[in-house]
Amino acid sequence: MKRKAVYLEADQNGKIAIYIDQKNMNNIVAYIQQDARHLKKWMYIKNVILSNLRIPEVFDKEDIDKECKDVYAMKFFKGQENDRIYCKRLQHKGKNCVIIVASELHLKKKTQKNSAREIALIKSVASYEYSIE
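On a predicted model such as this, the values are computed, not experimentally measured, just so you know.

Quick notes on the rules
- Residues numbered from 1 in each chain as written.
- Predicted model: local features only at pLDDT ≥ 70, side-chain atom pairs only at ≥ 80, totals over all residues.
- Heavy atoms only, no water.
- Helix = DSSP H or I, 4+ residues; strand = E, 2+ residues; numbered from the N terminus.
- Expected span 1.5 Å × (residues − 1).
- Buried < 20%, exposed > 50% of the residue type's maximum accessible area, 1.4 Å probe, protein only.
- Polar contact = N/O pair within 3.5 Å; in protein donor to acceptor, adjacent residues only side chain to side chain.
- Salt bridge = Lys/Arg side-chain N within 4 Å of Asp/Glu carboxyl O.

*Asks:* Looking at this model, I keep getting lost on helix α2 (residues 36–50). Mind explaining?
*Replies:* Between its first and last C-alpha, α2 extends 21 Å over 15 residues, near the 21 Å set by a 1.5 Å rise per residue. The complete set of buried residues in α2 reads His38, Trp42, Ile45, Lys46, Val48, Ile49 and Leu50. Structurally, the start of α2 carries an N-cap: the backbone nitrogen of Arg37 is 3.1 Å from a side-chain oxygen of Asp35. Backbone geometry just after α2 places Asn52 at a positive phi near 55°.

Now the structure itself:
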């Protein structure tokens, strides 16, 4: 079953767009809007993505196996709370556009390496199929 993704924002050229998983939208938005610190970090990560910059400290590929090659993590407050929003990267069919879907919120990652809990979540996000309007 395909999941729905809600459009948030795109870059000026329409080459990169950010969407959010409709099912998890309330949790993700509540997390981002809980205080100014979270909102500021979200804006920074969003601008990194839309500017097509490679800054692994805040947005990086979760390369655990071939199945998960399109899963990325937005990294909030590394070395502190170490929260993550796992994202699915899609290529929009018919358009030359990369879509990043903020899919799952993961609070308080405790280890430097991915634990079984993180691996299960990353594999889950990798399995998501999205309908993009």
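*Asks:* Please explain the pattern of salt bridges as it appears in this structure.
*Replies:* Proximity of charged atoms lets side chains of opposite charge pair with each other. Throughout the structure, instances matching the rule amount to eight salt bridges. Close ionic contact of Asp60 with Arg54 constitutes a salt bridge, the shortest N to O distance being 3.9 Å. Residue Arg54 is classed as exposed on the basis of its relative accessible area, which comes to 68%. A salt bridge links Lys75 to Asp60; its shortest N-O distance comes to 4.0 Å. Pair noted here: Lys75 is in strand β4 (residues 71–76) and Asp60 is in strand β3 (residues 59–61), with a separation of 15 residues, a long-range link. Take Lys75: its relative accessible area is 8%, and that puts it in the buried class.

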